[in-house]
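# Close look at the chain arrangement
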Amino acid sequence: MEVGGRDFLNTPPMKTVRFGGSVAETLDKLRQGDGSDYELLKHQLADPDIKDAQIISWLQELRSCMTQLTKDHEQLIYTALRLPWVGRSQDVVEEFMAFLGNLVSAQTVYLCACLKMVVSHFTPKRVTICEGGVDISDSEDEEDTDLPRNFDQCHQALQLIIRYVPSTSRFLMPILQDSFPFVQKSSRTLECYVHNLLRLTVYTPSIRRDVLELIVGKLLRLDVSASRADIEEAEDTVAQNRPEEGLFDMDEDMSADQPPRTNMMVHPVAERLDTLMAVLMAYIRDVCHVDGSFHAERTKELYKDLLSVFDKLILPTHASCHVQYTLFYLCSFKLALAEAFLDHLWKILQNPAQPAVLRQAAAGYLGSFLARAKFIPVLTVRACLDLLLTWIHGYIDNQDNSGRQVCCDISLHGPFYAACQAVFYTLIFKHRAILEASMKKGLEYLQSLNLERLVMCQLNPLKVCLPSVTSMFAAVTRKYQVVFCYTIIERNNRQVLPVVRSSAGGDGVTTNTNPLDSFFPFDPYLLKRSGQLIEPLYQVWDELSETDLLPLKTAQQGLKEDEDDFLSGETPHAEGMLGMTPSSYGSNICSPSSVGSPPTAHHRTVNF
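Residues numbered from 1 in each chain as written. Predicted model: local features only at pLDDT ≥ 70, side-chain atom pairs only at ≥ 80, totals over all residues. Heavy atoms only, no water.

### Some thoughts on helix H8 (residues 168-179)
Rules: Secondary structure counts use DSSP, requiring at least four H or I residues in a row for a helix and at least two E residues in a row for a strand, with both numbered from the N terminus. Expected span of a helix: the number of residues minus one, times 1.5 Å. Only protein chains enter the area calculation, which uses a 1.4 Å probe; residues under 20% of their type maximum are buried, those over 50% are exposed, and those in between are partly exposed. Contacts: residue pairs with any heavy atoms within 4.5 Å of one another.
Taking 1.5 Å of rise per residue, 12 residues should cover 16 Å, and H8 covers 16 Å from first to last C-alpha, within 8% of that figure. Among the residues of H8, Thr168, Leu172, Met173, Ile175 and Leu176 are the ones counted as buried. Of the surrounding elements, those touching the buried residues of H8 are helix H6 (111-119), helix H7 (147-164), helix H9 (187-203) and helix H10 (208-225).

### Observations regarding helix H16 (residues 335-349)
If you check H16, its first and last C-alpha atoms are 21 Å apart, about what 15 residues at 1.5 Å a residue would give, namely 21 Å. If you check which residues of H16 are buried, you get Leu337, Ala338, Phe341, Leu342, His344, Leu345, Trp346, Ile348 and Leu349. Of the surrounding secondary structure, the elements contacted by the buried residues of H16 are helix H14 (296-314), helix H15 (325-331), helix H17 (356-372), helix H18 (378-400) and helix H19 (410-436).

### Topic: the packing of H9 against helix H13 (residues 268-288)
Using the following cut-off: Think of each axis as a best-fit line through the C-alpha atoms, taken over the contacting stretch in the case of a helix, with angles from 0 to 180 degrees between the N-to-C directions. An angle below 35 degrees is treated as roughly parallel, one above 145 as roughly antiparallel, one from 65 to 115 as roughly perpendicular, and anything else as oblique. Note: crossing handedness is left-handed where the near helix turns anticlockwise from the far helix by less than a right angle, and right-handed where it turns clockwise. Just so you know the grouping, Ala, Val, Leu, Ile, Met, Phe, Trp, Tyr, Cys and Pro go in nonpolar, Asp, Glu, Lys and Arg go in charged, and all remaining residues, Gly too, go in polar.
At their nearest, the axes of H9 and H13 sit 9 Å apart, and the two run at 20° to each other. With respect to their mutual orientation, H9 and H13 come out roughly parallel. Handedness of the H9/H13 crossing: right-handed. Across the interface between the two elements, Ser187, Leu190, Glu191, Val194, His195, Leu198 and Thr201 from H9 touch Glu271, Arg272, Thr275, Leu276, Val279, Leu280 and Tyr283 from H13. Grouping the constituent residues of the contact of H9 with H13 by class yields seven nonpolar, four polar and three charged.

### Structural notes on the environment of Glu233
Within the element layout of this structure, Glu233 appears in helix H11 (residues 228-241). The exposure class of Glu233 is exposed, given its relative accessible area of 52%. Residues Glu233 and Val266 lie 33 residues apart in sequence; the distance between their C-alpha atoms is 9.6 Å.

### A short note on the packing of aromatic side chains
The condition is simple: Two aromatic rings from Phe, Tyr or Trp, using only the six-membered ring of Trp, form a pair when their centres are within 6.5 Å; if the ring planes differ by under 30 degrees the pair is stacked, by over 60 it is edge-to-face, and anything between is tilted. A ring has a charge above it when a Lys NZ or an Arg CZ is no more than 6 Å from the ring centre and no more than 35 degrees off the ring normal.
In the structure shown here, the tally under the stated rule is 27 aromatic pairs. Each ring, one from Phe328 and one from Phe522, has its centre 5.2 Å from the other, and the planes form 45°; the classification is tilted. Here Phe328 is found in helix H15, whereas its partner Phe522 is found in the loop between strand S8 (506-510) and helix H25 (528-534), with 194 residues between them in sequence. With relative accessibility at 0%, the residue Phe522 sits in the buried group. Considering the side-chain rings of Phe369 and Phe522, the 5.7 Å spacing of their centres and the 55° angle between planes classify their relative orientation as tilted. Within this pair, whereas Phe369 is found in helix H17, its partner Phe522 is found in the loop between S8 and H25, the two being separated by 153 residues in sequence. Comparing Phe369 with Phe522 shows no difference in burial state: the two are buried. An aromatic cluster is present here, built from Phe310, Tyr325, Phe328, Phe341, Tyr365, Phe369, Phe375, Phe522, Tyr525 and Tyr538 joined pairwise through their rings. Against the face of Tyr445 rests Arg382, its NZ or CZ located 4.0 Å from the ring centre. Its end group placed over the ring of Tyr480, Lys479 keeps NZ or CZ at 5.2 Å from the ring centre.

Right under this line is the structure:
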């Protein structure tokens with residue numbers, strides 16, 4: 001039987017009935033010691049099937065009694081704040097906004113509770129279905145077309161609260177930190193939360209630096225927990241197991257309906273990191289550009305905030321692979337930004353008041369940035385090399401004039417060796433660009449750097465720097481007859497003492513080929529979606545051919561035929577020397593495709 005177009009017998013009654021008196025009457029009874037209606041009121045507000053008309057009615061009554069709703073009635077207020085207002089009708093949303101405004105202005109004791117409630121809506125909600133007495137939660141990744149509208153309503157609520165309570169930002173950051181989803185949550189959940197945090201900074205710029213610090217800290221946790229080797233191994237395994245095109249065509253119709261997943265990362269942590277890096281880079285792009293045009297002032301302010309986060313979190317973090325590319329991407333917008341970043345790194349490197357570990361890290365960033373950033377012109381590269389070499393030669397002068405015995409001691413001279421490695425690494429990547437315009441002037445410039453004094457000094461940087469770097473540097477400088485390093489490299493190799501390590505698997509003889517514990521921060525970017533923004537800005541390693549490494553006039557004779565193909569037989573072979581990539585310190589295993597840095601002489605074949 002249908003009544004008013006509704007199946008009366010088979011549908012539950014519409015809940016329009018209220019129990020108990022009005023809110024004002026209920027509060028009067030409570031003051032007199034009768035709490036029955038008060039409990040009934042809370043129960044009705046907590047009804048999951050509450051209707052829009054009921055929500056509006058209750059909120060209007062609560063607003064009329066706002067001055068009475070003191071700290072003693074916090075349970076009632078907390079229940080009201082849990083009302084399902086997000087995504088409801090516009091009338092409900094507007095009434096709830098009015099309730100929030102009245103609450104935070106009349107009873108500021110509830111400010112934090114209101115902020116927590118709004119921030120709790122920054123992530124998609126799980127829908128719980130009860131089957132056979134068991135709660136089953138659906139996926140957090142289900143597409144919700146209402147999410148943009150829901151998030152708009154949340155930010156409208158926050159802006160309203162900030163308008164009524166200007167000091168809101170002081171209380172907001174701890175709530176944002178505590179509400180950040182666990183990093184093992186789904187990519188969709190993390191993406192929504194980070195998106196809303198960044199959106200919050202648009203109308204609350206005073207907390208932007210703190211918000212960026214919070215986000216970058218979480219990204220670094222993901223970054224260091226997914227090593228470069230692990231990501232590459234996961235991608236290679238899937239690539240090897242993927243059937244060739246044309247096979248199993250019988251499944252073609254079934255797979256046609258599936259969305260392409262070529263941009264998905266196989267490694268689950270890398271997938272989350274890729275999603276969040278894409279969100280952060282999109283934010284950087286949007287802040288720095290207004291209607292497609294570069295906005296200098298806004299970019300300058302964002303650069304200051306990101307640089308502060310870099311100094312506090314990124315620079316001290318060893319072996320992060322991707323998060324530092326946020327500054328790489330930002331610096332690509334304007335040469336002045338890149339030069340300011342290089343100047344900042346240089347000041348850290350040459351400042352003796354800074355901890356040695358940070359000075360060494362700054363040198364690694366300096367060399368890697370110069371080598372890998374396509375947007376840095378040769379003039380800037382030469383200016384940085386001049387600065388580095390002037391400082392290095394001054395350091396050598398001080399050691400020579402000290403009257404003390406100079407020895408190869410990393411604990412004493414770590415920043416010096418890191419600066420030398422930055423010079424070697426930059427020249428490996430940029431020597432062609434330096435020589436491109438004019439071979440004669442380029443060679444004169446390289447000779448003016450006095451690299452021979454650097455490699456021949458008693459501090460012996462070729463002994464400390466990564467073998468992969470020294471080998472390639474030796475090959476390049478020999479080709480142009482700038483400096484000859486092989487005699488020193490051979491002598492150093494004869495002096496290297498192996499270290500015997502005992503383990504459950506037996507004794508092993510190893511050699512520490514990375515005593516500086518160095519890495520190159522801007523080695524190849526592995527994340528697929530966010531990497532599309534980095535790719536056009538990035539200088540890939542251009543493998544040198546055999547003829548590229550031959551000397552200009554004569555070829556070196558008598559080298560073994562089985563030397564490293566990459567170095568075309570130019571590098572003396574070091575017996576017992578392990579092939580170590582810059583980020584594989586402490587490991588005896590080197591992924592053949594890792595990092596794109598110049599390979600060690602130990603490997604027969606290296607892919608880049």
